[in-house]
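Survey of secondary and tertiary structure
Listed below, chain by chain, are the residues.
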Amino acid sequence: MNLRRYFIRALHRLQKGPGYTYKELLVWYCDNTNTHGPKRIIKEGPKKKLIWFFLTLLFASLVFWQWGILINTYLSYNVTSSLSIGFKTMKFPAVTVCNANPFKYSEVKHLLKELDRLIEVALERILQPTPGNSSENTSLPLDLGLWHQIPLVLIDEHNKDNPIILDIFETSQTSAGNQTSAGNQTSAGDQISADNQTSADDQTSVGNQTAAPPALANTTSEEKKYKLAVKLCSHQGSNNCTYRNFTSAAQAVTEWYILQSTSILSKVPLQERIRMGYQAEDMILACLYGAEPCNYKNFTQIYHPDHGNCYIFNWGMDEEALNSSNPGAEFGLKLILDISQQDYIPYLSSAAGARLMLHQQKSFPFLKDQGIYAMAGTETSIGVLVDELERMGYPYSDCTMNGSDVPVKNLYSQYNTSYSIQACLRSCFQNHMIEICGCGHYMFPLPEGVKYCNNEDNPGWAYCYSSLRSSIRHRQICIDSCKETCNDTQYKMTISMADWPSEASEDWIFHILSYERDMSTNVTLDRNGIIKLNIYFQEYNYRTISESAATTIVWLLSSLGGQFGFWMGGSVLCLIEFGEIIIDSLWITIINVISWCKGLKQKRAQARYPDKPPTVSELVEAHTNLGFQPEDTGTLPRDEALPPEPGTPPPNYDSLRVQPLDVLGPDSDTETE
């Protein structure tokens, strides 16, 4: 009841307002608003009314158009970058040093022995040495089963429309017209369109009688129409194959050797791989941080699949990170490293030197992407400048604070390292590798319950890995899933180098270093294995690149008000007036709906009771005379109607009926008075 009374009073108050129709309300608004234009529409003559109506409509449209642009600009969440320079004592970066060669060849030679023999014979067949100078060992047969798992092939491109594929250790030839089928085989006696073709009779006995491929060493540049490629099949003996071509045979041999050695080393336990790598006491010969001496015990060892044993200085995992007391080379880190280049794996590591990287504390070093090389026989000085990046989070950018909102499981969390986009991308690739290929790649960490790929257990892993690595769709999925970190520190390096040691001082330096490491008076070190590093802050000035919102809510409100005031001379109060007329129009709509509902209800009642209500005399007669029936004049025809009864009419008892007040006419009011 209280709610009903409230609405009734509200409707009564509304009835005292601007009017009962939309037209009256609109006229009242134009006459009372503070916005320029609407007043002139109702007060000017007919012609000026039309002009002012057109101008008001035009400028109102411009206001709404500008408002749309401003709101769209605000919702795009653009940012502006600002650069500021500060000065403070900074933490010295974590320094990771590795050998470019992951394992000592003397330790892994027994594992790679058959692989090395295969590639040596294959290279001799490709280069075609002169008879009598061949170094092929004819007494020991080759393990061609290892070769056929991932073979190297020659592609004859003299006929570009139909290139011919030649397997180095097979007599058969394959037409490359259908490279994926690899099933159109011809006999060894068929002629091949090549200037330096050898027949099937010219065979080399290496345990298996095979045809020698065409000579590449004696051909001119115009005649070199052969390319070396790696053949990858979904499984051994399958027709579903692909060929990875290379412009240089050196690239093809390196890629082939990496795939084969990956399969072999993936079956070796982790502790055994660590033992076969370079140990800290053998690699780190001298260490000095500022004025304080240090040694290999101040480094944290981790195993990196690309570079074997790596050692991190100032990682901050077990102890507090070190601060740099002053800028300059005298207050940085000085290292002397021995990379033992004479013990490199010949076909796996074609570059010699140390691989190093500067990064934040508690972050994993991705040396393959962000590391740099230090050359043997040199002193490399690295001056460091610090850039701090501060990105704004959602909705201004799609960055993450700690990776907790990234849908990819971070496989590098087993190292207790912080999130990085490199870790996310590699974890995403490894997850796809496990899902599609059924095993994990040797170069990335493994989740629990999964094994690394190898040729015996997973014959088609190389084909699957190559297809996945070249898949743009899977790559885009990982890019869309991973996010940049909101806060990051980057180290900009200025690198310079010089020969070290000099010819005048190398004798005594090598004697001292050899004695300190091996306790020997003989020189066991040489220029090909020694590297000196100087890492220091160039200055204590650091740059902070921070993002800020290009558009704020204050900017949006001021811009909206400026456009409204410029085009129509309005303000916030004008917007409130406009809101008021909207509310009034809603109330009028409610009143009209209620009136319509009442009218509809009355019409339904009249349709239900079409006869007039009985009079008082009829009610009294019906009560006293049980046989009384009111006359129904409507049942007789008009010409047969009964004549009126003579005599004095009965009193008009209808005057005693109680009629509603809204039915009483003006005469009843005068009689009451």
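Up top you'll find the structure we're talking about.
Since the model is a prediction, treat every value here as computed from it, not as a measurement. (Residues numbered from 1 in each chain as written. Predicted model: local features only at pLDDT ≥ 70, side-chain atom pairs only at ≥ 80, totals over all residues. Heavy atoms only, no water.)

Section: unusual backbone geometry
Most peptide bonds take the trans configuration, and most residues that are not glycine carry a negative phi. The linkage connecting Y394 with the following residue, P395, adopts the cis geometry, with an omega of 5°. Following the sequence through the fold, P395 ends up in the loop between β18 (378–390) and β19 (399–400). Of the consecutive residues W500 and P501, the connecting peptide bond is found in the cis state with omega at -10°. Along the chain, the position of P501 falls in the loop between β21 (487–499) and α14 (506–518). You will see that N314, though not glycine, has its phi angle at about 65°, which is positive. Its place among the elements puts N314 in the loop between β14 (308–313) and β15 (333–338). We classify N314 as buried; its relative accessible area is 9%. (Helix = DSSP H or I, 4+ residues; strand = E, 2+ residues; numbered from the N terminus. Buried < 20%, exposed > 50% of the residue type's maximum accessible area, 1.4 Å probe, protein only.)

Some remarks on the pairing of strand β16 (residues 354–359)
Most of β16 is tucked away: 6 of the 6 residues are buried. Where burial is concerned, the two faces of β16 agree: the one with A354, L356 and L358 and the one with R355, M357 and H359 are both buried. Where strand β2 (residues 94–99) meets β16, 6 bridges bridge the pair, whose relative direction is antiparallel. Note that in β16 the partner of V97 across the bridge is L356. Both β16 and strand β17 (residues 372–374) contribute to a ladder of 3 bridges, which runs antiparallel. When the bridges of β17 are listed, R355 appears paired with Y373. (Pairing = 2+ DSSP bridges.)

Things to note about the packing of helix α11 (residues 421–437) against helix α13 (residues 472–481)
The description of two helices packed together rests on the angle between their axes and the distance between the axes. Where α11 meets α13, the closest approach of the two axes is 9 Å, and the angle between their N-to-C directions is 135°. Classified by the interaxial angle, the pair formed by α11 and α13 is oblique. The interaxial crossing formed by α11 with α13 has right-handed handedness. Within the contact between the two elements, α11 uses L425, C428, F429, H432 and I436 and α13 uses H474, I477, C478 and I479. Its residues assigned to classes, the contact of α11 with α13 shows 7 nonpolar, 2 polar and no charged. (Axes fitted to C-alpha atoms, helices over the stretch in contact; angles between N-to-C directions. Parallel < 35°, antiparallel > 145°, perpendicular 65-115°, else oblique. Left-handed = near helix turned anticlockwise from the far one by under 90°. Contact = heavy atoms within 4.5 Å. Nonpolar A, V, L, I, M, F, W, Y, C, P; charged D, E, K, R; others polar.)

Concerning the packing of aromatic side chains
Summed over all chains, the structure comprises 24 aromatic pairs. Aromatic side chains Y74 and Y77 sit 6.0 Å apart centroid to centroid with 55° between the ring planes, which places their arrangement in the tilted category. On the basis of relative accessibility, which here comes to 24%, the residue Y77 falls in the partly exposed class. A ring pair is formed by F429 and Y465, whose centres lie 6.0 Å apart and whose planes are at 85°; its orientation type is edge-to-face. Of the two residues, F429 is situated in helix α11 and Y465 in helix α12 (residues 461–469); the sequence distance between them amounts to 36 residues. (Phe/Tyr/Trp six-rings, centres within 6.5 Å; stacked < 30°, edge-to-face > 60°.)

Focus on the state of the cysteines
Inspection of every chain in the model, using the stated rule, returns 8 disulfides. Bridging C399 to C486, the disulfide has an S-S length of 2.0 Å. Linking C399 and C486, the disulfide has an S-S dihedral of approximately 90° and is accordingly described as right-handed. Here C399 is found in strand β19, whereas its partner C486 is found in the loop between β20 (484–485) and β21, with 87 residues between them in sequence. (Disulfide = S-S within 2.5 Å.)

Overview of the nonpolar core
Counting residues in each nonpolar core, the largest one holds 67 residues, and the members touching the most others are W147, L152 and W256. For this core, the leading source of residues is helix α5 (residues 105–127), giving 9 residues. Counting 36 residues, the second-largest nonpolar core is a separate cluster that includes M283, C294, L337 and F537. (Core = buried A, V, L, I, M, F, W, Y, C linked by side-chain atoms within 4.5 Å.)

Looking at a nonpolar patch on the surface
Together, M375, I495 and M497 make up an exposed nonpolar region whose accessible area comes to about 280 Å². Here I495 lies in strand β21. On the basis of relative accessibility, which here comes to 41%, the residue I495 falls in the partly exposed class. (Patch = residues over 30% accessible without salt bridge, like charges linked within 9 Å, V, L, I, M, F, W, Y side chains within 5 Å. Areas by Shrake-Rupley, 256 points an atom, 1.4 Å probe, with all protein chains shown as cover. Salt bridge = Lys/Arg side-chain N within 4 Å of Asp/Glu carboxyl O.)

A word on the side chain of Q66
On the secondary structure map, Q66 appears in helix α4 (residues 46–75). Other than its neighbours up to four places away in sequence, Q66 contacts Q563 and W567.

Let's talk about helix α7 (residues 249–265)
For α7, built from 17 residues, the straight-helix expectation of 24 Å at 1.5 Å per residue is met to within 8% by its first-to-last C-alpha distance of 24 Å. By the criterion of burial, α7 is predominantly enclosed, with 12 of the 17 residues buried. Among all positions in α7, only A252, V253, E255, W256, Y257, L259, Q260, S261, T262, S263, I264 and L265 are buried. Where α7 begins, the side chain of S248 points an oxygen toward the backbone nitrogen of A250, at a separation of 3.2 Å. (Expected span 1.5 Å × (residues − 1). Polar contact = N/O pair within 3.5 Å; in protein donor to acceptor, adjacent residues only side chain to side chain.)

Let's talk about the pairing of β2
Consecutive side chains of a regular strand alternate in pointing toward one face of the sheet and then the other. Summarising burial for β2: 6 of the 6 residues are buried, a large majority. Burial along β2 is two-sided: A94, T96 and C98 facing one way and V95, V97 and N99 facing the other are all buried. With 4 bridges connecting them, β2 and β14 associate as antiparallel partners. Its bridge partner being in β14, V97 is matched across the sheet by Y311.

A few points about α11
Given a rise of 1.5 Å per residue, 17 residues ought to cover 24 Å, and the 24 Å separating the end C-alpha atoms of α11 matches this to within 8%. A positive phi of about 85° marks G438, the residue just after α11.

Here's the deal with the packing of α7 against α12
The contact between α7 and α12 brings their axes to 11 Å, and the two run at 120°. Between α7 and α12, the angle is such that the two are oblique. Handedness of the α7/α12 crossing: right-handed. Residues E255, L259, T262 and S263 of α7 form the contact with α12, whose participating residues are W461, Y465 and R469. Split by residue class, the contact of α7 with α12 holds 3 nonpolar, 2 polar and 2 charged.

Looking at the pattern of salt bridges
Counted according to the given criterion, the structure contains 17 salt bridges. As a salt-bridge pair, K368 and D306 come within 3.9 Å of each other at their nearest N and O atoms. Pair noted here: K368 is in helix α10 (residues 367–370) and D306 is in the loop between β13 (299–304) and β14, with a separation of 62 residues, a long-range link. Judged by relative accessible area, which is 58%, K368 ranks as exposed. For D369, the salt bridge is made with R426, and the minimal N-O distance between the two is 1.8 Å. Taken together, the residues D369 in helix α10 and R426 in helix α11 connect sequence positions 57 residues apart. D369 sits in the partly exposed class, given a relative accessible area of 45%. Look at the salt bridges and you will find they share partners, linking E107, E272 and R275 into a network.

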